[in-house]
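Residue-level listing of the chains:
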Amino acid sequence: MKAQQLFDVQGDVTFITGGARGMGQAFAEVMAANGARIALYDIDGPALEEAAAALRATGAEVITTQGDVADSAALRAAVDATVAHWGKLDSVFANAGMSAGRGYALSEAGRLEAVDLATWERVLQVNLTSVMVTMQAATPHMKAQKSGRMIVNSSVGGLRVEPQVGYGYSATKSAIAHIVRHAALELAPWNILVNCVAPGAFRTNLGSGRLNDPAIAKIFEDMSPLKRIASLEEFKGLMLLLASPASSFMTGTVIPIDGGAMVI
Ligand SMILES: NC(=O)c1ccc[n+]([C@@H]2O[C@H](COP(=O)([O-])OP(=O)(O)OC[C@H]3O[C@@H](n4cnc5c(N)ncnc54)[C@H](O)[C@@H]3O)[C@@H](O)[C@H]2O)c1
């Protein structure tokens, strides 16, 4: 089979949280470049419209909703509106997430006894509950189609202990990696495939662009055998794989994309 057929997402409809920037935007770009239609949901209105305009300039069909993923009703409504608009939903990328602040290796505020519970609750809402809600909202549509792809964005910080990241981040990223396994089992009879990506360090705005600080960047570079931070272009191949026919026998997987960080 030709690569073009294996990775064919032409005409697909995909819904992406946190799609205005970073990893969500990278997924939108690779899907749009291969003929998919894109629904973006993001809290940052100006960035959202900028990202949508850039995709439309390439000929892609794009709809946008400005909203907080912690607003479960609005998030659900945006998924339903996507299906109302295009009549189907092929894939969702539950991607939006936030840093929980620096971990104890980098800041006293990251120590267990210093963790601020208001921040903890917010991180649970944004990084964990929103993933559950995105998957819940997609499920009836995908069940009716008897097909669908759910992709969730965890982190290597959710698979192993990284004292550089906060407790809330590691707890939520670990939880969503496990929700994926649970849902993959439940949803398999409807041919709904549920997978998780666990990135290492990519240069984005996460944590107020923490990797723009050379001292912090060096710490994250040294966490992988490749000794560098990844570019967003390097995220696209795995994401296209998980959204396309090439991964039709993959479900319940948690895939690191981390320059080998998990082997150290
Ligand atoms: N960058 C990395 O190194 C890295 C590593 C592992 C995992 N991740 C995960 O990737 C995901 C995307 O982060 P990124 O690195 O692309 O960061 P980013 O800050 O560049 O992009 C995040 C996007 O999500 C949006 N967003 C943030 N909070 C939101 C909310 N409450 N409601 C709706 N939209 C919201 C932002 O406006 C932004 O457009 C996160 O879940 C993050 O944990 C990133």
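Model, not experiment: these values are computed from the prediction.

## Side note on the nonpolar core
Grouped burial of nonpolar side chains is what soluble globular proteins tend to show.
Argument step 1. Membership of the largest hydrophobic core comes to 35 residues, with the highest contact counts inside it found for Phe15, Leu89, Met135, Met150 and Val194.
Argument step 2. Of all elements in the fold, only β1 (13-17), β2 (37-42), α4 (72-86), β4 (91-94), α5 (117-145), β5 (148-153), α6 (167-187) and β6 (192-199) reach the threshold of two or more residues within this core.
Argument step 3. Those residues in contact with leucine 89 that sit more than four places away from it in its chain are Val13, Phe15, Val79, Thr82, Val83, Ala138, Met142 and Gln145.
Argument step 4. Of all hydrophobic cores here, the second largest spans 33 residues; its members include Ala26, Ala36, Leu55 and Val62.

## So, helix α9 (residues 236-243)
Argument step 1. In terms of residue burial, α9 counts as a mostly covered element, since six of its eight residues are buried.
Argument step 2. When α9 is considered as a whole, its buried residues turn out to be Lys236, Leu238, Met239, Leu240, Leu242 and Ala243.

## Some thoughts on the environment of threonine 134
Argument step 1. Looking at the secondary structure, you find threonine 134 in helix α5.
Argument step 2. Among the residues examined, threonine 134 registers a relative accessible area of 1% and is labelled buried.
Argument step 3. On a C-alpha basis, the gap between threonine 134 and serine 72 in space is 8.5 Å, while along the polypeptide they are 62 residues apart.
Argument step 4. Not counting residues within four places of it along the chain, the set of residues in contact with threonine 134 comprises Phe15, Thr17, Leu75, Val92 and Ala94.

## Observations concerning the pairing of β4
Argument step 1. With burial as the criterion, each face of β4 is covered, one bearing Ser91 and Phe93 and the other bearing Val92 and Ala94.
Argument step 2. Two strands pair when backbone bridges link them, and β1 and β4 are joined in this way by three bridges, in the parallel orientation. Directly across from isoleucine 16, in β4, lies its bridge partner phenylalanine 93.
Argument step 3. In this structure, β4 lies alongside β5, joined through four bridges in parallel fashion.

## Things to note about the site of the ligand
Argument step 1. Neighbouring the ligand are 29 residues; Asp42, Asn95, Tyr169, Phe202 and Thr204 lie closest to it.
Argument step 2. Between the ligand and aspartate 42, the relevant distance is 2.6 Å, taken from an oxygen atom to a side-chain nitrogen or oxygen of the residue.
Argument step 3. Between the ligand and glycine 97 there is a distance of 3.4 Å, counted from an oxygen atom to a backbone nitrogen or oxygen.
Argument step 4. For the ligand, the accessible surface in isolation is 820 Å², of which the surrounding protein chains cover 94%.
Argument step 5. When residues of the shell around the ligand are traced back to their parent elements, those giving at least two are α2 (22-33), α5 and α6.

## Observations concerning the sheet that holds β1
Argument step 1. Spatially, seven strands are ordered β3-β2-β1-β4-β5-β6-β7 in an open sheet, and the strand pairing comes out parallel. Single-partner strands in this sheet number two, and they are β3 (62-66) and β7 (254-257). Shown here is a sheet whose adjacent strand axes are inclined to one another by a mean of 15°, direction ignored.
Argument step 2. Strands β5, β6 and β7 of the sheet are contacted by α6, whose axis makes an angle of about 160° with β6.
Argument step 3. The sheet strands contacting α9 are β4, β5, β6 and β7, and the helix crosses β5 at an angle near 145°.

## Quick notes on the packing of aromatic side chains
Argument step 1. Within this structure, the stated rule accounts for four aromatic pairs.
Argument step 2. Between the aromatic rings of phenylalanine 27 and phenylalanine 93, the centroid separation amounts to 5.2 Å while the plane-to-plane angle is 75°, which identifies the pairing as edge-to-face. On the criterion of sequence distance, the pair formed by phenylalanine 27 in helix α2 and phenylalanine 93 in strand β4 is long-range, its members being 66 residues apart.
Argument step 3. You can call phenylalanine 93 buried: its relative accessible area is 0%.
Argument step 4. Where phenylalanine 202 meets phenylalanine 235, the ring centres are 5.7 Å apart and the plane angle is 70°; that geometry is what we call edge-to-face. With phenylalanine 202 in the loop between β6 and α7 (206-209) and phenylalanine 235 in the loop between α8 (214-221) and α9, this pair connects stretches of sequence that are 33 residues apart. Taken as a pair, phenylalanine 202 and phenylalanine 235 share a single burial class, namely buried.

## Some thoughts on the pattern of salt bridges
Argument step 1. In total, this model carries nine salt bridges according to the counting rule given.
Argument step 2. Taking the shortest distance from any N to any O, the salt bridge between lysine 88 and aspartate 90 comes out at 3.1 Å.
Argument step 3. With a relative accessible area of 25%, lysine 88 lands in the partly exposed category.
Argument step 4. Overall, aspartate 90 belongs to the buried group, its relative accessible area being 15%.
Argument step 5. Three or more residues are tied together by salt bridges with common partners; here these are Glu29, Glu233 and Lys236.

## Section: the packing of α4 against α5
Argument step 1. Running from amino to carboxyl end, α4 crosses α5 at an angle of 30°, the nearest separation of the two axes being 9 Å. As summarised for this structure, α4 and α5 are arranged roughly parallel, according to the angle between their axes. Between α4 and α5 lies a crossing whose hand is right-handed. Contacts from Ser72, Leu75, Arg76, Val79, Asp80 and Val83 in α4 reach Ser130, Val133, Thr134, Gln136, Ala137, Ala138 and His141 in α5.
Argument step 2. Classifying every residue of the contact of α4 with α5 by side-chain character gives six nonpolar, five polar and two charged.

Definitions and cut-offs
- Residues numbered from 1 in each chain as written.
- Predicted model: local features only at pLDDT ≥ 70, side-chain atom pairs only at ≥ 80, totals over all residues.
- Heavy atoms only, no water.
- Core = buried A, V, L, I, M, F, W, Y, C linked by side-chain atoms within 4.5 Å.
- Buried < 20%, exposed > 50% of the residue type's maximum accessible area, 1.4 Å probe, protein only.
- Helix = DSSP H or I, 4+ residues; strand = E, 2+ residues; numbered from the N terminus.
- Contact = heavy atoms within 4.5 Å.
- Pairing = 2+ DSSP bridges.
- Near = heavy atom within 4 Å.
- Polar contact = N/O pair within 3.5 Å; in protein donor to acceptor, adjacent residues only side chain to side chain.
- Areas by Shrake-Rupley, 256 points an atom, 1.4 Å probe, with all protein chains shown as cover.
- Axes fitted to C-alpha atoms, helices over the stretch in contact; angles between N-to-C directions.
- Phe/Tyr/Trp six-rings, centres within 6.5 Å; stacked < 30°, edge-to-face > 60°.
- Salt bridge = Lys/Arg side-chain N within 4 Å of Asp/Glu carboxyl O.
- Parallel < 35°, antiparallel > 145°, perpendicular 65-115°, else oblique.
- Left-handed = near helix turned anticlockwise from the far one by under 90°.
- Nonpolar A, V, L, I, M, F, W, Y, C, P; charged D, E, K, R; others polar.

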